[in-house]
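Take a look at the letters that make up each chain.
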Amino acid sequence: MRLTLIFLAVFISSFTHAAQVAIIIDDIGYRQSDEAVLTLPENITLSVLPHTPLGHSVASAAHKRGHEIMVHLPMQALNGKALGPGGLTNTMGESELKQSIQSAFLSVPFAKGANNHMGSLLTQLEEPMLWVMESLKQQNLYFVDSMTTRFTKAGTTADQLGIPQLKRELFLDNDISAAALDRQFSKLITLAHNQGQIVAIAHPYPETIEFLKLNLPRLQKAGIKLVKTSELLPYRLASKERLKAEEELRL
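Described in the following lines is the structure provided in the data block. What you see is a predicted model; the values in this text were computed from it and never measured.

A few points about the environment of Pro 109
Part 1: Locating Pro 109 in the fold gives a position in the loop between α3 (94–107) and β4 (111–118).
Part 2: Separated by 39 residues in the primary sequence, Pro 109 and Met 70 have C-alpha atoms spaced 9.0 Å apart.
Part 3: What Pro 109 contacts, discounting residues up to four positions off in sequence, is His 56, Ala 59, Ser 60 and Ile 69.

Below, the structure written as structure tokens:
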């Protein structure tokens, strides 16, 4: 039994051989300038707000160019900020919330997963998040927690249902000054080397898009592979299995 566990730990560790980064551009769909995301490399993942003027067309065009598409699900925030169409709130019952999620995915073609837009309140609530994960499971979709609160229940509810999941480790452009973007991108490279695989989120600001076009080659020079978000899911599953195997070895 012990030899089996050792073999499993060694086998799973093979997933960690190369540093990988997934970059998600979200908040897409309202501004004409958002179409500039189509000039980015196809391994950049695009997360589109539901029921927006440009959401359907951008998602369709991006899919044709090889981008992975997600739905950027609006969720209730602690600050009470308006959510826009398709927003999920704590006043919704199970049926209403699930219908809203289904409608959101119908408005964004080719989506393979979702991440939360805002959500510092809703992601703290176990029951609504369980309904979210049940909806995703029904459609075989994955979830990325944008980590807008450290009290999020998204990860635990996803685990309960076996939903493939990731979490955001870095925001690239909370500050869009050149110095701040460079600082965050350098941090991205460091984290990728230290952790193996990470998820970063950015936004379709003109400054961000131009910065990425100029600086994405730095990843390859640093020995880091830019991947689509779903490509990190097997690694995260393997990491959980490795930790479980290591715990068994300690017993």
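Read on, since the account is not over.
With respect to the pattern of salt bridges
Part 1: Under the criterion given, the structure shown has 6 salt bridges.
Part 2: Between Lys 112 and Glu 68 there is a salt bridge, with its nearest N and O atoms 3.6 Å apart. Taken together, the residues span a long stretch of sequence, with Lys 112 in strand β4 and Glu 68 in the loop between α2 (55–64) and β3 (69–75) at a distance of 44 residues.

Section: the side chain of Asn 116
Part 1: If you trace the backbone, Asn 116 turns up in strand β4.
Part 2: On the basis of relative accessible area, Asn 116 is assigned to the buried category, the value being 1%.
Part 3: A polar side-chain atom of Asn 116 sits 2.8 Å from the main-chain carbonyl oxygen of Met 118.
Part 4: Setting aside anything within four residues of it in sequence, one finds Asn 116 in contact with His 72, Leu 73, Met 75, Thr 123, Phe 143, Val 144, Asp 145, Ser 146, Met 147 and Thr 148.

Re the packing of aromatic side chains
Here the distance between the centres and the angle between the planes together describe a pair of aromatic rings.
Part 1: This structure, assessed with the given rule, holds 1 aromatic pair.
Part 2: An angle of 75° between the planes, with centres 5.6 Å apart, marks the rings of Phe 185 and Phe 211 as edge-to-face. Here Phe 185 is found in helix α6 (residues 178–195), whereas its partner Phe 211 is found in helix α7 (residues 206–215), with 26 residues between them in sequence.
Part 3: Taking the relative accessible area as the measure of exposure, Phe 211 reaches 12% and is therefore buried.

Topic: the packing of helix α4 (residues 126–138) against helix α5 (residues 154–161)
Part 1: Look at α4 against α5: their axes get within 9 Å of each other, and the N-to-C directions meet at 45°. Comparing the axis directions of α4 and α5 gives the class oblique. The handedness of the crossing between α4 and α5 is right-handed. Packed against α4, whose contacting residues are Glu 126, Met 129, Leu 130, Met 133, Glu 134 and Lys 137, the element α5 presents Ala 154, Thr 157, Ala 158, Gln 160 and Leu 161 at the interface.
Part 2: Here the contact of α4 with α5 is composed, by residue class, of 6 nonpolar, 2 polar and 3 charged.

A few points about the side chain of Arg 168
Part 1: Residue position: Arg 168 is located in the loop between β6 (165–167) and β7 (170–171).
Part 2: Here Arg 168 sits buried without a salt bridge, and the closest side chain of opposite charge, Asp 145, lies 7.5 Å off (N-O distance).
Part 3: Polar side-chain contacts of Arg 168 include one of 2.8 Å to the backbone oxygen of Met 147.
Part 4: Filtering out sequence-adjacent residues up to four positions away, Arg 168 remains in contact with Val 144, Asp 145, Ser 146, Met 147, Val 199 and Ile 201.

Examining unusual backbone geometry
Part 1: Despite not being glycine, His 51 shows a phi value in the positive range, around 60°.
Part 2: Checked against the element boundaries, His 51 lands in the loop between β2 (45–48) and α2.
Part 3: Even without being glycine, Met 118 reaches a positive phi, approximately 60°.
Part 4: A relative accessible area of 14% places Met 118 in the buried class.

Section: the nonpolar core
Part 1: Ranked by internal contacts, the top residues of the largest apolar core, which has 58 residues, are Ile 23, Ile 25, Val 37, Phe 143, Leu 172, Phe 185 and Leu 188.
Part 2: Sort the elements by how many residues they give to this core and α6 lands first, with 6 residues.
Part 3: Sequence-distant contacts of Leu 188, defined by excluding residues within four places in its chain, comprise Val 21, Ile 23, Leu 170, Leu 172, Ile 198, Ala 200 and Leu 219.
Part 4: Within the second largest apolar cluster, 12 residues are counted, among which are Met 70, Phe 171, Val 199 and Leu 233.

Some words on the environment of Phe 151
Part 1: Mapping Phe 151 onto the fold places it in the loop between β5 (142–145) and α5.
Part 2: Phe 151 sits in the partly exposed class, given a relative accessible area of 43%.
Part 3: Along the backbone, Phe 151 and Gln 124 are 27 residues apart, and their C-alpha atoms lie at a distance of 5.7 Å.
Part 4: Here Phe 151 is in contact with Thr 123 and Gln 124, once residues within four sequence places are set aside.

A closer look at α2
Part 1: Residues Gly 55, Val 58, Ala 59, Ser 60, Ala 61 and Ala 62 constitute the buried set of α2.
Part 2: Structurally, α2 contributes buried residues whose contacts are with β1 (19–28), β2 and β3.
Part 3: Downstream of α2 by one or two residues, Gly 66 has phi in the positive range, about 100°.

Calculation notes
- Residues numbered from 1 in each chain as written.
- Predicted model: local features only at pLDDT ≥ 70, side-chain atom pairs only at ≥ 80, totals over all residues.
- Heavy atoms only, no water.
- Helix = DSSP H or I, 4+ residues; strand = E, 2+ residues; numbered from the N terminus.
- Contact = heavy atoms within 4.5 Å.
- Salt bridge = Lys/Arg side-chain N within 4 Å of Asp/Glu carboxyl O.
- Buried < 20%, exposed > 50% of the residue type's maximum accessible area, 1.4 Å probe, protein only.
- Polar contact = N/O pair within 3.5 Å; in protein donor to acceptor, adjacent residues only side chain to side chain.
- Phe/Tyr/Trp six-rings, centres within 6.5 Å; stacked < 30°, edge-to-face > 60°.
- Axes fitted to C-alpha atoms, helices over the stretch in contact; angles between N-to-C directions.
- Parallel < 35°, antiparallel > 145°, perpendicular 65-115°, else oblique.
- Left-handed = near helix turned anticlockwise from the far one by under 90°.
- Nonpolar A, V, L, I, M, F, W, Y, C, P; charged D, E, K, R; others polar.
- Lys, Arg positive; Asp, Glu negative; His and termini not counted.
- Core = buried A, V, L, I, M, F, W, Y, C linked by side-chain atoms within 4.5 Å.

Nothing here speaks to function; it is geometry throughout.
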